[in-house]
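# Examining the three-dimensional arrangement
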Amino acid sequence: SEEWLNARRRGFAGMGAFFLFLFFSGLQAMNEAQRRNEPPVYRSKSRTEACQRGDAKACLLEAASLASVGRVPEAVPLYELACHGRLSNACAFLGDEADRRRDLVAAFNWLLLACELHDATACDRLGDRVAGGQGTPADPVRATEWYRRACESGMQPACTKLRASRDQTPSLGR
């Protein structure tokens, strides 16, 4: 009937107005963030909840989302949860962040965790730190162990450093 059709049209018009309201509310929120010179953060409620339940991957994704818009201080605790959840790239990020703050001991410890989780790049960087005495006493013999681990994982620069360190320290053998 025509009455039913008119009622449907009014209903669709109301829904259209509702969706326009949502659209312009979102634009207003984005404009507010831009006016305050803050980058918008696209946080996922499901990732946040999963992280709170102990899902290390969700913590890593949420931390990366925050860090990507410059909110590193908020991201660090989430990276720590992800690192303790055995995600090596989270540990490596924390090593980089500690290094940025010039906390060489903390950087060494985070990289050590990442290396123990089989992150070849972290092992290579750990070898550099041990060889140079950054965050730990300099020890060329110990450095070769970290280079060996990285080399065994296919990290060619570490293989080059391993060969060079063996050439400089004949007691290490070939």
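Criteria and cut-off values
Residues numbered from 1 in each chain as written. Predicted model: local features only at pLDDT ≥ 70, side-chain atom pairs only at ≥ 80, totals over all residues. Heavy atoms only, no water. Helix = DSSP H or I, 4+ residues; strand = E, 2+ residues; numbered from the N terminus. Buried < 20%, exposed > 50% of the residue type's maximum accessible area, 1.4 Å probe, protein only. Contact = heavy atoms within 4.5 Å. Disulfide = S-S within 2.5 Å. Expected span 1.5 Å × (residues − 1). Salt bridge = Lys/Arg side-chain N within 4 Å of Asp/Glu carboxyl O. pLDDT = per-residue confidence, 0-100.

### Topic: the overall build of the chain
Each helix and strand counted, the chain has nine helices and zero strands in total. Its helices and strands in sequence order give the chain the pattern α-α-α-α-α-α-α-α-α, from N to C terminus. The buried share of the chain, taken over its 174 residues, is 33%. Sequence separation of 24 or more characterises 37% of the internal contacts of the chain that already satisfy a separation of 6 or more.

### Description of the state of the cysteines
All chains considered together, the criterion is met by four disulfides. Disulfide pairing is shown between Cys115 and Cys123; the S-S distance is 2.0 Å. Handedness of the Cys115-Cys123 disulfide follows from its S-S torsion of about 100°: it is right-handed. We note that Cys115, like Cys123, is buried. Across a sulfur-sulfur distance of 2.0 Å, Cys151 and Cys159 are joined as a disulfide pair. Taking the torsion about the S-S bond as the criterion, the Cys151 to Cys159 disulfide, at about 100°, is right-handed.

### Topic: helix H6 (residues 104-116)
Compared with an ideal rise of 1.5 Å per residue, which puts 13 residues at 18 Å, H6 spans 18 Å between its outermost C-alpha atoms and is within 8% of the ideal. When we look at burial in H6, the residues that qualify are Ala106, Ala107, Phe108, Trp110, Leu111, Ala114 and Cys115. Those residues of H6 that are buried lie in contact with helix H4 (72-84), helix H5 (88-100), helix H7 (120-132) and helix H8 (140-152). Two residues or fewer after H6 comes His118, characterised by a positive phi angle close to 70°.

### Some remarks on the pattern of salt bridges
Where charged atoms from two side chains of opposite charge come close, those side chains can pair. Throughout the structure, instances matching the rule amount to 11 salt bridges. A salt bridge links Arg71 to Glu74; the shortest N-O distance between them is 2.8 Å. Judged by its relative accessible area of 28%, Arg71 falls in the partly exposed class. Across the pair Asp96 and Arg125 runs a salt bridge, and its minimum N-O distance is 2.3 Å. Residue Asp96 is located in helix H5, and its partner Arg125 is located in helix H7; the two are separated by 29 residues in the primary sequence. Overall, the relative accessible area of 37% leaves Asp96 in the partly exposed class. Residues joined in a network through salt bridges with shared partners are Glu145, Arg148, Arg149 and Glu152.

### Here's the deal with the confidence of the model for the chain
Looking at the chain as a whole, the pLDDT averages 80, with 71% of positions reaching at least 70. Here residues 12-27 is modelled with pLDDT under 50, and outside its nearest four sequence neighbours on either side it reaches zero contacts, counting other chains as well. In this model residues 38-42 is a low-confidence stretch, pLDDT under 50, and it forms nine contacts with partners more than four residues away in sequence or in other chains.

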